[in-house]
Amino acid sequence: MTTLALVLLGLFIAVMGLVGVVAWRSRIMLKLGLRNIPKRPAQTVLIIVGLMLSTVIITSAFGTGDTIAYTIRSLGARTLGDTDEIVSAGDLSTPFGRGYFEYARFEGLHTELSDYDKVDGLVPCITQTAPLVDVTSEEYVPSITIFAPEPQYYADFTELKDDKGHPLSLDDLGSDGVYLDEETAKDLKAKPGDTLYLFLGEQPTVLELKAVVKDSSSGSLSVLLMPLSTAQEILGRSGQINAIYVSNEGDRVGGAKYSDEIKDKLEGLLEGTGLKVETVKKDILEQADEAGSAFTTIFVAFGLFSIAAGVLLILLIFMMLAAARKSEMGMARAIGTKRHHLIQMFIFEGTAYDLAAAVVGVGLGVVVTYAIAGIVARIFQNTPLDLAFH
């Protein structure tokens, strides 16, 4: 879509440049062509309404595509937080099958990347899914992602806050304390102080909810946050982890531009270890752009029928204008104008109509996009997909 926009911009500049040169060389024809616009206001309005149809369709298509892409990018950035890449021993889509490896592997990687300025944070962790029950509210969720990072490194990795904006620390949790994300807390009707049962084995692990967090950089919308040592004890994985989260230099979106370079660097350092590197942030952003472009393409494709009707309307309008101005054109020819002079007059008048219709069409297209975003936002208002006009 960006390429298409640049090509159309180039064509627009070329056409306007050509018309401008002709207008500069034929200023009398320019004045004669433009004088018809204020003389016939009703006709002018009718023509602009007919011409703006295509612009409204294209603008709303681009606007809605941008809105969808922005929403998915924002959701990905909110879910992953400062995480740009994940190092693991298995496929991230199957947490139960993810392999464990020694904590010493992280320590070696941390030392080797200490002077590499493209990486500004590493955190070792365990991620696992399991059912969770809130005993206090008597509600449950069938699957939640346990995210258990090392507090020492996690404090520098991301800024943890509760749902009221107060800073939090994993060091304050103790051996049985946990944090819960906002969405899951809402589903469980959970509040700080509730007793939770986490089912990871034959017997549930009893935990206490200490606070509800806004952002965990866990890569999951539904997350139970605890210290690494607590998860290792529950799972019987002392001295082991199953993932290393990597944060790139830059903000939450901008850091993804270094992902390919950092992936090559990490794969070189991890060669022969069996560990994989996945560029999760970059992949989500690319998928968002593809989704927006796909929607725009579909929208424009369906709108081609209306656009074609608009083009036909333009042709008919100017044929009717030419027919209605036979006497004027006859008088103009009688005083010495050539056929190409009459064509120039229509070109200048038509260009003015086009520019006015484009301005009106773009404005209405933005309004239509805003309306579409509002309607879709209401449809998804009870889901994590927070659709926002952009």
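Along each chain, residue indices are assigned from 1 in the same order as the chain's sequence is written. Whole-chain, interface and lining totals are the exception, using all residues; otherwise, since this is a predicted model, local features are given only for residues with pLDDT of at least 70 and side-chain atom pairs are given and counted only at 80 or more. As a rule here, side-chain values come from all non-hydrogen atoms in the structure, and water together with hydrogens is ignored.

Asks: Whenever I open this one, the overall build of the protein confuses me. Can you help?
Replies: By definition, any uninterrupted DSSP run of H or I lasting at least four residues is a helix, any uninterrupted run of E lasting at least two residues is a strand, and each is numbered from the N terminus. A tally of regular secondary structure across the protein gives 12 helices and 11 strands. Radius of gyration here uses only the C-alpha atoms, and the compact-globule reference equals 2.2 Å multiplied by the residue count raised to the power 0.38. Whereas a compact globule of 390 residues would reach a radius of gyration of roughly 21 Å, the protein reaches 31 Å, over 25% beyond that. Across its three principal directions, the C-alpha atoms of the protein cover 100 × 50 × 35 Å. Throughout this description, buried means an accessible area under 20% of the type-specific maximum (1.4 Å probe, protein chains only), exposed means over 50%, and partly exposed covers the range between. Considering the protein as a whole, with its 390 residues, one finds that 41% of them fall into the buried category. The criterion used for residue contact is that any of the two residues' heavy atoms lie within 4.5 Å. Within the protein, residue pairs in contact and separated by at least 24 positions form 78% of the contacts whose partners lie at least 6 positions apart. Note on areas: Shrake-Rupley, 1.4 Å probe, and residue coverage restricted to the protein chains presented here. When the accessible surface of the protein is summed, it comes to about 20,600 Å², and 61% of that surface belongs to carbon and sulfur atoms. Charge counting treats Lys and Arg as positive and Asp and Glu as negative, with His and both chain ends excluded. For charged residues, the charge sits on one atom: NZ in Lys, CZ in Arg, CG in Asp, CD in Glu. Charge separation in the protein, taken as the distance between the mean sites of 32 positive and 47 negative side-chain charges, equals 22 Å.

Asks: Would you explain the side chain of D84 in this entry?
Replies: By secondary structure assignment, the location of D84 is in the loop between helix 4 (41-80) and strand 1 (85-88). Whenever a nitrogen or oxygen atom comes within 3.5 Å of another N or O atom, the pair is scored as a polar contact, on the condition that within protein one atom can donate a hydrogen and the other can accept it, and that pairs from neighbouring residues in sequence are kept only if both atoms are in side chains. Within polar-contact distance, the side chain of D84 engages the backbone nitrogen of N248 at 2.8 Å. Leave out the neighbours within four places in its chain, and D84 touches V246, S247, N248, R252, G255, A256, S259, E278, T279, V280 and K281.

Asks: For this particular structure, what's the right way to read the pairing of strand 4 (residues 139-149)?
Replies: If a strand is regular, its side chains alternate between the two faces of the sheet. When DSSP finds two or more bridges between two strands, those strands count as paired. Relative to strand 4, strand 3 (residues 119-134) runs antiparallel, the two being bridged by 9 bridges. Opposite Q128, over in strand 4, you have I146 as the bridge partner. Sheet analysis places strand 4 next to strand 8 (residues 223-225), joined by 3 bridges and oriented parallel. Residue pairing in the sheet places T145 in a bridge with V223 of strand 8.

Asks: Is there a simple way to explain helix 9 (residues 259-269) in this structure?
Replies: Residues spaced three or four apart along an α-helix point in a common direction, a consequence of the helix completing one turn every 3.6 residues. All of the buried residues in helix 9 are S259, I262 and L266. Angularly, the buried residues of helix 9 cover 65° about the axis, an arc narrow enough to put them on a single face. As used here, the arc belongs to the directions running from the helix axis to the C-beta atoms.

Asks: Before we go on, may I ask you to explain the pattern of salt bridges in this structure?
Replies: Pairing between side chains of opposite charge can happen when their charged atoms approach one another. Note on definitions: salt bridges are taken to be side-chain nitrogens of Lys or Arg within 4 Å of carboxyl oxygens of Asp or Glu. Considering all chains together, one arrives at 11 salt bridges under this definition. Across the pair E261 and K118 runs a salt bridge, and its minimum N-O distance is 4.0 Å. Of the two residues, E261 sits in helix 9 while K118 sits in the loop between helix 5 (103-112) and strand 3, which places them 143 residues apart along the sequence. Judged by its relative accessible area of 22%, K118 is partly exposed. One salt-bridge network, in which partners are shared between bridges, spans D260, K282 and E286.

Asks: What is the right way to look at the packing of aromatic side chains in this model?
Replies: How two aromatic rings sit relative to each other is given by the distance of their centres and the angle of their planes. Two rings from Phe, Tyr or Trp (for Trp, the six-membered ring) form a pair when their centres sit within 6.5 Å of each other. Planes less than 30 degrees apart are called stacked, planes more than 60 degrees apart edge-to-face, and all others tilted. A complete count under the given rule lists 7 aromatic pairs for this structure. Ring geometry for F147 against Y154: centres 5.9 Å apart, planes inclined by 70°, an arrangement best described as edge-to-face. Each of the two residues, F147 as well as Y154, counts as buried. Through a chain of ring-to-ring contacts, three or more aromatic side chains come together here, namely Y103, F106 and Y153.

Asks: For this particular structure, what's the right way to read unusual backbone geometry?
Replies: As a rule of thumb, non-glycine residues mostly have phi less than zero, and peptide bonds are mostly trans rather than cis. Of note, E138 is a non-glycine position whose phi angle comes to about 60°, a positive value. By the element assignment, E138 lies in the loop between strand 3 and strand 4. Exposure remark for E138: the relative accessible area of 70% places this residue in the exposed category. Phi angles above zero are rare outside glycine, and K189 is one such case at about 55°. One can find K189 in the loop between helix 7 (182-188) and strand 6 (195-198). For K189, a relative accessible area of 58% gives the class exposed.

Asks: Whenever I open this one, the environment of G361 confuses me. Can you help?
Replies: Mapped onto the elements of the fold, G361 is located in helix 12 (residues 339-379). When its relative accessible area of 0% is taken as the criterion, G361 is described as buried. Note: C-alpha distance between G361 and V49 (312 residues apart in sequence) is 8.5 Å. Aside from chain neighbours lying at most four places away, what touches G361 is M52, T55, V56 and T59.

Asks: Is there a simple way to explain the nonpolar core in this structure?
Replies: Nonpolar side chains in soluble globular proteins generally cluster together in the buried interior. To form a nonpolar core, buried Ala, Val, Leu, Ile, Met, Phe, Trp, Tyr and Cys residues must be joined to one another through side-chain atoms within 4.5 Å. Grouped together as the largest cluster of nonpolar side chains are 58 residues, with contacts concentrated most on L132, L180, L224 and M226. A total of 7 residues in this core trace back to one element, the largest contributor, which is strand 3. Excluding its chain neighbours within four sequence positions, the residues that come into contact with M226 are I146, F147, A148, P149, L170, L173, G177, V178, L198, L207, A231 and I234. Residues I37, I47, F318 and Y353 belong to the second largest nonpolar core, which totals 12 residues.

Asks: Before we go on, may I ask you to explain the packing of helix 2 (residues 27-34) against helix 12 in this structure?
Replies: Helix-helix packing: each pair is described by the crossing angle between the helix axes and the interaxial distance. Two elements in contact, helix 2 and helix 12, have axes separated by 8 Å at closest approach and are oriented at 55°. Comparing their axes, helix 12 and helix 2 come out oblique. Judged by the twist between their axes, the crossing of helix 2 over helix 12 is right-handed. Only H341, Q344, M345, F348, E349 and A352 of helix 12 make contact with helix 2, whose side of the interface consists of M29, L30, L32, G33 and L34. Charged residues are taken to be Asp, Glu, Lys and Arg, nonpolar residues to be Ala, Val, Leu, Ile, Met, Phe, Trp, Tyr, Cys and Pro, and polar residues to be all remaining types, Gly included. Residue composition of the contact of helix 2 with helix 12, grouped by class: 7 nonpolar, 3 polar and 1 charged. All axes here are fitted lines through C-alpha atoms, helices being fitted over the stretch that makes contact, and every angle between N-to-C directions spans 0 to 180 degrees. Each angle receives one of four descriptions, namely roughly parallel if under 35 degrees, roughly antiparallel if over 145, roughly perpendicular if within 65 to 115, and oblique otherwise. Crossing chirality is assigned from the near helix's rotation relative to the far helix, an anticlockwise turn below a right angle marking it left-handed and a clockwise turn marking it right-handed.

Asks: Even after reading the chapter, I still don't get the pairing of strand 10 (residues 243-248), so can you show me in this structure?
Replies: Judged by how many residues are buried, strand 10 sits mostly within the fold: 6 of 6 residues are covered. Alternating residues of strand 10 divide into A243, Y245 and S247 and I244, V246 and N248, and every residue in both groups is buried. Relative to strand 10, strand 1 is paired through 4 bridges, and the arrangement is antiparallel. Counted as the bridge partner of E85 is V246 from strand 10. Pairing analysis gives 6 bridges linking strand 3 to strand 10, with the strands arranged antiparallel. Counterpart to C125 in the pairing with strand 10 is A243.

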